[in-house]
Amino acid sequence: MPNELPRTTQLDHGITAIDTDHMRPLFDASHLIVENKRAAFVDTGANDSVPLLLKVLEEQNIDTANVDFVFLTHVHLDHAGGAGLLMRSLPNAKAVLHPRGAPHMIDPAKLTRGAQAVYGEERFAEQYGEIVPIDESRIIIVADDAEISLGGRAMRCLHTEGHARHHYVLSDPQSEGVFTGDSFGLSYREFDTARGEFIYPTTTPVHFDPPEAHKAIDRIMGLSPSRLFLTHYSQVTDLPRLADDMHKRIDDFVTMAKRAEKETNRTEKIHRSMYAYFHAELAEHGFSGTPHQIDNIVEIDVLLNTMGLEFWLDHQH
Ligand SMILES: [Zn+2]
């Protein structure tokens with residue numbers, strides 16, 4: 001690529017999107033919120049994202065002592081893997097976690113084993129390194145609908161299952177925005193066309209739960225937001241259409257999984273139908289890239305979504 005991609009995007013209401021460069025550019029965002037000289041991060045990327053997050057503070061003249069919160073929407077490692085390391089440099093920050101997520105950041109052993117099972121040990125070490133624990137005294141556990149004030153800016157944490165049982169979203173009335181983590185799917189900016197943004201669910205193992213995933217969409221839309229900030233990747237605004245697309249695609253993914261359920265080569269079947277689905281839906285969306293370009297962007301999600309759908313098939317009651 002001839003030009004280096006900008007690593008930060010300044011949005012309105014004191015919000016900056018930071019490209020953590022985890023896995024690839026424009027895949028994983030951390031958001032910085034600044035209010036009355038106090039600051040908070042929402043999701044952190046992995047350990048290797050930490051120097052960049054600290055550099056952005058410096059560029060914005062924010063003292064590390066003025067970072068009050070590290071909001072971790074859930075404890076999947078592309079969201080929270082760098083949090084422990086980051087907090088070593090933020091003397092006053094508290095990590096804000098769902099009650100089911102907090103124990104995993106206090107003792108990351110189980111989280112590490114789980115991620116090693118998904119990615120393999122070698123790839124895990126390369127992508128995530130060693131997960132630094134967060135001391136219990138530096139964690140705020142948020143009940144559903146808990147309010148947190150950042151420099152006087154009232155924000156609310158709403159529990160949303162469906163993607164992960166340790167997930168909450170952060171509602172920010174000041175920006176009429178919601179930081180959705182993975183509860184409102186994935187929308188990569190590469191897929192933006194004249195028809196707008198393209199979105200699809202993430203059904204990562206091991207908590208994918210279709211009825212709860214639908215409920216999470218409805219709960220977020222129930223806040224009547226004007227914009228959402230997704231970890232993958234940042235701001236989207238065409239919300240009623242995107243909500244419809246999410247509902248439809250949750251059902252479509254479930255149908256794909258069920259259709260392959262009894263097949264001997266189930267994994268391969270789901271992979272193939274998911275790639276074909278993206279080719280068709282993105283053509284419909286007016287995306288002009290080649291199938292090869294599509295495959296490069298969606299590959300990681302096809303692999304993780306298939307794993308999560310198969311786990312769900314094997315554990316339905
Ligand atoms: Zn996740």
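Residues numbered from 1 in each chain as written. Predicted model: local features only at pLDDT ≥ 70, side-chain atom pairs only at ≥ 80, totals over all residues. Heavy atoms only, no water.

> Could you clarify how one ought to interpret the overall build of the chain in this entry?
Within the chain, the secondary structure is distributed over 10 helices and 13 strands. Here the C-alpha atoms of the chain give a radius of gyration of 19 Å, agreeing with the 20 Å that 2.2 N^0.38 yields for 317 residues. Each of the three principal axes of the chain carries a C-alpha extent, and together these read 55 × 45 × 40 Å. Taking all 317 residues of the chain together, the buried fraction comes to 54%. By sequence separation, contacts in the chain at least 24 residues apart represent 69% of the contacts at least 6 residues apart. (Helix = DSSP H or I, 4+ residues; strand = E, 2+ residues; numbered from the N terminus. Rg over C-alpha atoms; globule rule 2.2 N^0.38 Å. Buried < 20%, exposed > 50% of the residue type's maximum accessible area, 1.4 Å probe, protein only. Contact = heavy atoms within 4.5 Å.)

> Please explain the coordination of the zinc ion as it appears in this structure.
Six octahedral donors around a metal ideally sit at 90 or 180 degrees from one another, while four tetrahedral donors ideally sit at 109.5 degrees. Those protein atoms acting as donors to the zinc ion are His-74 (NE2), His-76 (ND1), His-163 (NE2) and Asp-182 (OD), and they sit at 2.1 to 2.2 Å. Because the angles between the four donor atoms bound to the zinc ion fall within 90 to 171°, the donor set is best described as irregular. The sequence motif formed by the donor residues of the zinc ion is H-x1-H-x86-H-x18-D. A residue pair is termed long-range when its members are at least 10 positions apart, and His-74 in the loop between β5 (67-71) and α2 (77-80) and Asp-182 in the loop between β11 (177-181) and α7 (210-221) qualify at 108 residues. An identical accessibility class is assigned to His-74 and Asp-182; each is buried. (Donors = N, O, S within 2.8 Å, 3.2 Å for Na, K, Ca; no water. Tetrahedral: all angles 85-135°; square planar, octahedral: opposite > 155°, others 65-115°.)

> I tried to follow the sheet that holds β5 on my own but got confused; where do I start?
In a beta sheet, neighbouring strands are held together by backbone hydrogen bonds and run either parallel or antiparallel to one another. Strand order in this open sheet of seven strands is β1-β2-β3-β4-β5-β6-β7, and the pairing throughout is mixed. Either end of the sheet is taken by a strand with one partner, and the two such strands are β1 (8-10) and β7 (139-141). Taken pair by pair, the neighbouring strands of this sheet meet at an average axis angle of 20°, ignoring direction. Summarising the sheet, strand β3 (residues 29-35) and strand β4 (residues 38-42) pair through five bridges and their orientation is antiparallel. Following the sheet pairing, Glu-35 is matched in β4 by Arg-38. (Pairing = 2+ DSSP bridges. Axes fitted to C-alpha atoms, helices over the stretch in contact; angles between N-to-C directions.)

> Help me understand the packing of helix α8 (residues 239-260) against helix α10 (residues 291-314) in this model?
When two helices pack together, you describe them by how their axes are tilted relative to each other and by the distance separating the axes. Following both chains from N to C, one finds α8 and α10 inclined at 65°, their axes separated by 10 Å at the closest point. Classified by the interaxial angle, the pair formed by α8 and α10 is roughly perpendicular. Here α8 runs over α10; the crossing is right-handed. Facing Phe-253, Val-254, Ala-257 and Lys-258 of α8, the residues of α10 in contact are Asn-305, Leu-309, Trp-312 and Leu-313. For the contact of α8 with α10, the per-class residue count stands at six nonpolar, one polar and one charged. (Parallel < 35°, antiparallel > 145°, perpendicular 65-115°, else oblique. Left-handed = near helix turned anticlockwise from the far one by under 90°. Nonpolar A, V, L, I, M, F, W, Y, C, P; charged D, E, K, R; others polar.)

> Explain helix α1 (residues 50-59) to me, please; I cannot follow it from the model alone.
Each α-helix winds once per 3.6 residues, and so residues spaced three or four apart point in a common direction. Listed as buried for α1 are Val-50, Leu-52, Leu-53, Val-56 and Leu-57. Each buried residue of α1 sits inside an arc of 165° when the element is viewed along its axis, so together they form one side. Seen from the open side of α1, the exposed residues pointing more than 90 degrees away from its buried face are Pro-51 and Glu-58. On its buried face, α1 is in contact with β1, β2 (15-19), β3, β4, β5 and α3 (83-87). (Arc of directions from axis to C-beta.)

> Would you take a moment to explain the packing of aromatic side chains for this structure?
Any pair of aromatic rings gets described here by the distance separating the centres and the angle formed by the planes. This structure, assessed with the given rule, holds 14 aromatic pairs. Aromatic pair Phe-124 and Tyr-128: ring centres 5.6 Å apart, planes at 40°, arrangement tilted. Placement of both Phe-124 and Tyr-128 in helix α6 (residues 121-128) is noted, with a separation of four residues, approximately one turn of the helix. The pair formed by Phe-124 and Tyr-128 is uniform in burial state, with each residue classed as buried. Relative to Phe-278, the ring of Tyr-277 has its centre 6.2 Å away and its plane inclined at 75°; by these criteria the two rings are edge-to-face. We classify Tyr-277 as buried; its relative accessible area is 12%. Counting every residue linked through ring pairs, the aromatic cluster contains Phe-27, Tyr-188, Phe-191, Phe-198, Tyr-200, Phe-253, Tyr-277, Phe-278 and Phe-287. The positively charged end of Arg-24 is found above the aromatic ring belonging to Tyr-188, 4.7 Å away from the centroid. (Phe/Tyr/Trp six-rings, centres within 6.5 Å; stacked < 30°, edge-to-face > 60°. Lys NZ or Arg CZ within 6 Å of the ring centre and 35° of its normal.)

The values reported here are purely geometric and, on their own, carry no functional implication.
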